[in-house]
Amino acid sequence: MKISAIVIRILRQFRRDKRTLALMLIAPLFVLTLMNLVFNGKEYKPTLGLLSAPSVLSSSLQSEGAVTINYEREDLAEAALSDRTIDALITIDGQVPKVKLEGSEPAVNRAVLQAVQKAAEHFSHQSASFKPVITYLHGSENMTSIDQFGPILIGFFIFFFVFLIAGVSFLRERTTGTLERLLATPLKRYEIVLGYVGGFGIFTIIQALLISWFCTKVLGIMMVGSFGLVILLTLLMSLSALTLGTLISAYANNELQMIQFVPLIIVPQLFLSGLFPMDTLPDWLRKLEVIMPLTYGTKGLSDVMIRGLGWNAIALDVYVLTGFSALFILLNIIALRKYRKI
Amino acid sequence: MSDFPDVVTAAGVSKRFGNKTVLEDITLAIHSAETFGLLGPSGSGKTTLVKLFTGTLQATTGQVHVQGTLMPKLSMLNQIGYMAQSDALYTELSAKENLEFFGALYGLKGASLRKRIMEVAEIVALEKHLDKRVDQYSGGMKRRLSLAAALLHQPPILVLDEPTVGIDPLLRQAIWKELKLLNEQGTTILLTTHVMDEAEKCDRLGMIREGRLLAVDTPGELISKTGTDSIEEAFVYYGGHQA
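Residues numbered from 1 in each chain as written. Chains lettered and ligands numbered in written order. Predicted model: local features only at pLDDT ≥ 70, side-chain atom pairs only at ≥ 80, totals over all residues. Heavy atoms only, no water.

## Section: the packing of aromatic side chains
So, point 1. For the coordinates displayed, the defined rule picks out 13 aromatic pairs over all chains.
So, point 2. Ring centres of A:F160 and A:F161 lie 4.9 Å apart, and the angle between their planes is 70 degrees; this geometry places the pair in the edge-to-face category.
So, point 3. Owing to a relative accessible area of 17%, A:F160 belongs among the buried residues under this scheme.
So, point 4. When the centroid spacing of 6.0 Å and the interplanar angle of 55 degrees are considered together, the rings of A:Y296 and A:F324 count as tilted. Taken together, the residues span a long stretch of sequence, with A:Y296 in helix 13 (residues 293-305) and A:F324 in helix 14 (residues 311-335) at a distance of 28 residues. A:F324 carries the same exposure label as A:Y296, and that label is buried.
So, point 5. Three or more aromatic residues joined by ring pairs form one cluster here, namely A:F156, A:F157, A:F160 and A:F161.
So, point 6. Above the ring of B:F102, the side-chain terminus of A:R181 is found at 4.7 Å from the ring centroid.
So, point 7. The ring of A:F227 carries A:K217 above its face, with NZ or CZ at 5.5 Å from the centroid. (Phe/Tyr/Trp six-rings, centres within 6.5 Å; stacked < 30°, edge-to-face > 60°. Buried < 20%, exposed > 50% of the residue type's maximum accessible area, 1.4 Å probe, protein only. Helix = DSSP H or I, 4+ residues; strand = E, 2+ residues; numbered from the N terminus. Lys NZ or Arg CZ within 6 Å of the ring centre and 35° of its normal.)

Structural data, given as structure tokens:
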């Protein structure tokens, strides 16, 4: 029985490679759990700011599931809107209510407008002309989901491919014996790591330019900010993916094991990167975003591309991404000690 | 070269990986400008011993000195030309690009690098195939290119791990002639082999089995001391007595 011999051999190989076994069984459960949390989450409750509005309006909005905050001064209300404490600001100008949306997330916009419309029905029997005037701080009613997701997907795909390619090529350096050969030369460990950063860095500059140009100019994804800042952010994100990929490759013995890290390291970052509304996720899961490079990259890109913000808004993201890269480089140099102590 | 009559020394060297003892109490001295062969079957610990000499591994107990300097020491790696057991080459690159890369790691550049590349390519008879990509090379050609890379920076010490596997006999003879010439110029050569007839070409031999050094002497002495007719029989004699 040649077939059963093959079957037995494969089962034996699996038994030896416990990691592949665990990945085949546990990773799908892990990813499905995440998706369940994301898609089965509670309905999004918009937070609405009210500027000198009657209390009857706020109570009817609350009965539609919205959270309301009352403001006395217009400047405070506007500040809350731009730092996203509130999703929309409602003012009453004479008889006509005005709704100003923050606007950068189409899903949130829909939730706000739905709550406002339903609340308006409470008043429609009193006055037929209760029709809110709607304006946007960022974006517009024409903004589609791809405009919102554009910056996130740009960040994600750059991160994903650089991670995998850099990781696999550093891994191959080990499996083909060239790393051992390099370590038999007077080359210092940090020179090897920085060499990789330099070589791939040049490649990622080209990649960052190409992808940013393609998405904004060819695909026409919404872009109201500075192109230079977009390049800077994509580049830093590539760098963190590159250094993380080479670091992780030290813990993989072959290409297959490298790919096994994708659902563990890349997929969770995608789920927490803002592609899905974060407000519906449990708190413990949301907190993980602070240790994920993709979070900072996509937040920075969204700020520049959708909200048109400048350096001050993304400075923290830039510093954190640079810090991640520096940390990964350092860990990489330490990890190489496994192959040569000096 | 004569500063250190014993260019490479190991004193009471043991190497353990976890619980597994790979080398046990090895004491050995390799003389200046000789060809010293480490003879033993695969798994005997030859490659581990070689890596202790090149500083990629550190002895668990005992000391390794190269030119009087305690290993591992990064600066001493310039003195050693190393040819690994696996052909550590970048197969997507041409032979010339590989040699340019390894030459640059030892600080060679410009005209002197180009000159050295031509010289080493001639030694291993690859000068006509320098522009070919390495993935089009045969196994023997890759072996020769690895040897060429080890010779590039004219190191006083050559460490060659199974250098002639898969190389055709005529070319193997030519390479041996070249190694002897390097000996005459003062280069110390340490190589490993599991081929008995090749071992006879070494000035001195160390027989190694299961991590222990069985005997060290010239091939002629090893044969006559054991009263046998060949290196192979001498190896069996020592191996049998130790086991």
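## Structural notes on the sheet that holds strand 8 (residues 188-193) of chain B
Within a sheet, each strand pairs with its neighbour through backbone hydrogen bonds, oriented either parallel or antiparallel.
All names here are of chain B.
So, point 1. Pairing is mixed in the open sheet, where six strands are placed in the order 6-7-8-3-9-10. Strand pairing shows two members of the sheet lacking a second neighbour, strand 6 (80-83) and strand 10 (212-217), which therefore form its edges. Pairs of neighbouring strands in the sheet enclose a mean axial angle of 15 degrees, with direction left out of account.
So, point 2. As paired elements, strand 6 and strand 7 (residues 157-161) share four bridges and run parallel to each other. Residue Y82 lies in a different strand from strand 7, and its bridge partner there is V159.
So, point 3. Along the sheet, helix 5 (residues 169-184) makes contact with strand 3 (35-39), strand 7 and strand 8, crossing strand 8 at roughly 145 degrees. (Pairing = 2+ DSSP bridges. Axes fitted to C-alpha atoms, helices over the stretch in contact; angles between N-to-C directions. Contact = heavy atoms within 4.5 Å.)

## Points about the pattern of salt bridges
So, point 1. Counting across every chain of the model gives 19 salt bridges over all chains.
So, point 2. Of the charged contacts, one joins A:E102 and A:R84 as a salt bridge, the two residues approaching to 3.8 Å between their closest N and O atoms. Here A:R84 lies in the loop between helix 4 (74-82) and strand 3 (88-93) and A:E102 lies in the loop between strand 4 (96-101) and helix 5 (106-123), a separation of 18 residues in the sequence.
So, point 3. Residue B:D203 pairs with B:K180 through a salt bridge whose shortest N-O separation is 3.5 Å. (Salt bridge = Lys/Arg side-chain N within 4 Å of Asp/Glu carboxyl O.)

## Section: the domain arrangement of chain A
Residues and elements named next belong to chain A.
So, point 1. Looking at the assigned domains, one finds that chain A contains domain 1 (47-136) and domain 2 (145-338).
So, point 2. Between domain 1 and domain 2, the C-alpha centre-to-centre distance is 39 Å.
So, point 3. Taken together, the contacts link six residues of domain 1 with four residues of domain 2.
So, point 4. For the pair domain 1 and domain 2, the summed buried area comes to about 470 Å², and 49% of that belongs to carbon and sulfur atoms.
So, point 5. It is S104, E105 and P106 that lose the most area in domain 1 upon contact with domain 2, and together they represent 69% of the buried surface on that side.
So, point 6. In this assembly, domain 1 and domain 2 are joined by one salt bridge.
So, point 7. The partner of R307 in a salt bridge is E102, and the shortest N-O contact between them spans 3.4 Å.
So, point 8. On the surface where domain 1 and domain 2 come into contact, there are two residue pairs in polar contact (both at pLDDT 80 or more).
So, point 9. Of the residues belonging to the side of domain 1 that touches domain 2, the class tally is two nonpolar, one polar and three charged. (Domains from an automatic or database assignment. Buried area = accessible area lost by both parts, 1.4 Å probe. Polar contact = N/O pair within 3.5 Å; in protein donor to acceptor, adjacent residues only side chain to side chain. Nonpolar A, V, L, I, M, F, W, Y, C, P; charged D, E, K, R; others polar.)

## With respect to the packing of helix 2 (residues 95-105) of chain B against helix 4 (residues 139-151) of chain B
When two helices pack together, their arrangement is captured by the angle between the axes and the distance separating the axes.
Residue and element names in this part refer to chain B.
So, point 1. Following both chains from N to C, one finds helix 2 and helix 4 inclined at 30 degrees, their axes separated by 9 Å at the closest point. Taken together, helix 2 and helix 4 sit at an angle that is classed as roughly parallel. Judged by the sense of rotation from one axis to the other, the crossing of helix 2 with helix 4 is right-handed. Of the residues in helix 4, those touching helix 2 at A95, L99 and F102 are L145, A148 and A149. (Parallel < 35°, antiparallel > 145°, perpendicular 65-115°, else oblique. Left-handed = near helix turned anticlockwise from the far one by under 90°.)

## Here's the deal with helix 2 of chain B
Counting along an α-helix, one turn takes 3.6 residues, and residues three or four places apart therefore face a common direction.
So, point 1. For helix 2 of chain B, the set of buried residues is B:A95, B:N98, B:L99, B:F102, B:G103 and B:L105. Viewed end-on, helix 2 of chain B has its buried residues packed into an arc of 155 degrees, placing them on one side of the element.
So, point 2. Residues of helix 2 of chain B that are buried in the fold lie against helix 7 (178-183) of chain A together with helix 3 (110-123) and helix 4 of chain B. (Arc of directions from axis to C-beta.)

## Description of the UniProt feature "domain: ABC transporter" (unreviewed entry) in chain B
So, point 1. This chain's UniProt record puts "domain: ABC transporter" (unreviewed entry) on residues 8-235 of chain B.
So, point 2. Helix makes up 35% of residues 8-235 of chain B and strand 27%, and the two end C-alpha atoms of the span are 24 Å apart. (UniProt positions renumbered as here; feature names shortened; annotations may be inferred.)

## Some words on the pairing of strand 1 (residues 6-17) of chain B
Residue and element names in this part refer to chain B.
So, point 1. Direction of pairing for strand 1 relative to strand 2 (residues 20-31): antiparallel, over a ladder of eight bridges. In the sheet register, R16 faces strand 2, and the bridge partner there is T21.
So, point 2. Linking strand 1 to strand 2, which pair antiparallel, is a turn of two residues; within it G18 sits at a positive phi near 65 degrees.
So, point 3. Where strand 1 meets strand 4 (residues 61-66), five bridges bridge the pair, whose relative direction is antiparallel. Counterpart to A11 in the pairing with strand 4 is Q63.

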